[in-house]
Amino acid sequence: MAERLEFELVSPEQLLVSQPAEMVVIPGGEGYYGVLAGHIPMITTVKPGVIEMYNEGHVTDRIFVTGGFTEVSQTRCTVLVDSAVKVRQIDREKAEQDVRNFKEDVEDATNETEREAAEARLEIARARFEAVVRFGGPQQTPSGSTAPPSAGGSSH
Amino acid sequence: MPSLKDLKNRIGSVKSTQKITSAMKMVAASKLRRAQEAVEASRPYAERMDRMMSAMAAAFEEGDYTPKMIRGTGEDKVRLIVVITSDRGLCGGLNSGMVRTVRRDLQSLAADGKEVKLICVGRKGRDLLRREYGSLIIDAHEDVGKTQSAYEVATTISEKMARMYEDGGYDIGSVYYSKFKSVISQEVTLQQLVPVPPPAVPEEEEVIIGRTVQEEPKVEYEFEPDQEQVLAALLPRNLTVQVYRALLESGASEQGARMTAMDNATRNAGEMINNLTLTYNRTRQAYITNELIEIISGAEAL
């Protein structure tokens, strides 16, 4: 069996996932990349997209994140995100609706800052919708994660 | 001498006040637990963010491009101050202590001829500062954790701060918050946020939080897209985390202070009830004695 690395997914509100994985695929600022144990230390940005965890050659979990940072070291992969949700927990209709709403926001924006904010939201909504379309089906393997990721914006 | 009926009413009203204060204490205690959990839950993120920041700092070499947020504007004319207080009162001297410190500092800043801009979080701080410094308040937030989660508020504030800083809106940005030391002790704390202060000697608490995780050998990191862009994205996020931490600390402080205040109030009410009951019994006895005397002397006169 391949060597594993410690994978951690952290949002400002809680530690979402902390478990070993064989490989993690991360939506980096410059495109998706996979991290295996013994990876060269690196810090990258994370774009809105889907993180995939692999164990024993299969995807064990797909988590949608809205962007953040990754720190990779020899034995560890830490992802800091604003918010995260399991792909199969995303409401497809709502995701689609969000894309439409935010598109309107971008069109309605009256000034530059407003438009930038709306565009950022739209990008996240689009990525979320894509994630549902691509991976929305039932998953083959039930996940064994310690803490179920929930929407980052959950109230206290 | 107060009549028996008055005393009875008085005791009744103090008793119901005591019920209210002890209920408030219970509520504060359970809210405090939740607030503390939120502080705990936010730590992993902050720790890892710190680790990344120090990795970034270590990777920087002399002569590299440094963003404005680290370099500073080179001036100190305009201050931006974020004041975090609670929305509700009845939490002892928490808000008044905070506002007193802020007022004192605002006065000395004004004496130095500096311009000040205020962002108030929490209804109490805004109300208390509005009369004197209303013209300085550029933004106010309330209902943190109710209509908006604390992180959303932190994001709003930090984005505004970053934007204003880029536009040259101020030179130094800092935050006043109540640091939660224990249930009975909260401390008004001033923390500079912008420009990012150089890593100082870590405070006691931070040693406990930050260093026990794992002491790791120094490693050289690669950056993707590149160092500059990662840093440019990391800095605003770090600001958000700092504001978020301040908000959570203040939230815990508020509940702690309220719990202590209500505990005292309950105890005082209890003392008051004891005193009043004593007076009530004495008075009742005096009345009875009087009546007896009247009856006896009436009988003797026959």
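What counts as what
Residues numbered from 1 in each chain as written. Chains lettered and ligands numbered in written order. Predicted model: local features only at pLDDT ≥ 70, side-chain atom pairs only at ≥ 80, totals over all residues. Heavy atoms only, no water. Domains from an automatic or database assignment. Contact = heavy atoms within 4.5 Å. Buried area = accessible area lost by both parts, 1.4 Å probe. Salt bridge = Lys/Arg side-chain N within 4 Å of Asp/Glu carboxyl O. Polar contact = N/O pair within 3.5 Å; in protein donor to acceptor, adjacent residues only side chain to side chain. Nonpolar A, V, L, I, M, F, W, Y, C, P; charged D, E, K, R; others polar. Axes fitted to C-alpha atoms, helices over the stretch in contact; angles between N-to-C directions. Helix = DSSP H or I, 4+ residues; strand = E, 2+ residues; numbered from the N terminus. Parallel < 35°, antiparallel > 145°, perpendicular 65-115°, else oblique. Left-handed = near helix turned anticlockwise from the far one by under 90°. Buried < 20%, exposed > 50% of the residue type's maximum accessible area, 1.4 Å probe, protein only. Pairing = 2+ DSSP bridges.

Visitor: How do you make sense of the domain arrangement of chain B when you look at a structure like this?
Guide: Where interface size is quoted, it is often the accessible area lost as the parts come together. All names here are of chain B. We note that the domain assignment places domain 1 (4-21 + 261-301) and domain 2 (33-260) within chain B. A separation of 52 Å is found between the C-alpha centroids of domain 1 and domain 2. At the junction of the two partners, domain 1 supplies four residues and domain 2 supplies seven residues. Summing both partners gives a buried area of about 350 Å² for domain 1 against domain 2, and 53% of it is carried by carbon and sulfur. Per-residue buried area on domain 1 facing domain 2 is highest for Ala261, Met262 and Asp263; these three make up 92% of the total on that side. One can count zero salt bridges joining domain 1 with domain 2. Our count for the contact surface shared by domain 1 and domain 2 stands at nine residue pairs in polar contact (both at pLDDT 80 or more). Here the side of domain 1 that touches domain 2 is composed, by residue class, of two nonpolar, one polar and one charged.

Visitor: I tried to follow the packing of helix 5 (residues 150-166) of chain B against helix 7 (residues 227-301) of chain B on my own but got confused; where do I start?
Guide: Angle between the axes and distance between the axes: these two values describe a pair of packed helices. Residues and elements named next belong to chain B. Running from N to C, helix 5 and helix 7 point in directions that differ by 130°, and their axes come no closer than 8 Å. Judged by the angle between their axes, helix 5 and helix 7 are oblique. The two elements helix 5 and helix 7 cross, and the hand of that crossing is right-handed. The residues of helix 7 that touch helix 5, namely those facing Ala150, Tyr151, Val153, Ala154, Thr155, Ile157, Ser158, Met161 and Ala162, are Pro236, Arg237, Leu239, Thr240, Val243, Tyr244, Leu247 and Leu248. Counted by class, the contact of helix 5 with helix 7 contains 13 nonpolar, three polar and one charged residues.

Visitor: I keep staring at the pairing of strand 3 (residues 23-28) of chain A and nothing clicks. Help me out?
Guide: Moving residue by residue along a regular strand, the side chains alternate between the two faces of the sheet. All names here are of chain A. Burial of strand 3 is extensive: five of the six residues sit out of reach of the surface. Direction of pairing for strand 3 relative to strand 4 (residues 31-36): antiparallel, over a ladder of six bridges. Bridging across to strand 4, Met23 finds its partner in Leu36. In textbook terms, the turn of a hairpin is the stretch between consecutive antiparallel strands, and for strand 3 and strand 4 this stretch comprises two residues. Alignment of strand 3 against strand 6 (residues 49-55), held across three bridges, turns out to be antiparallel. Residue pairing in the sheet places Met23 in a bridge with Tyr54 of strand 6.

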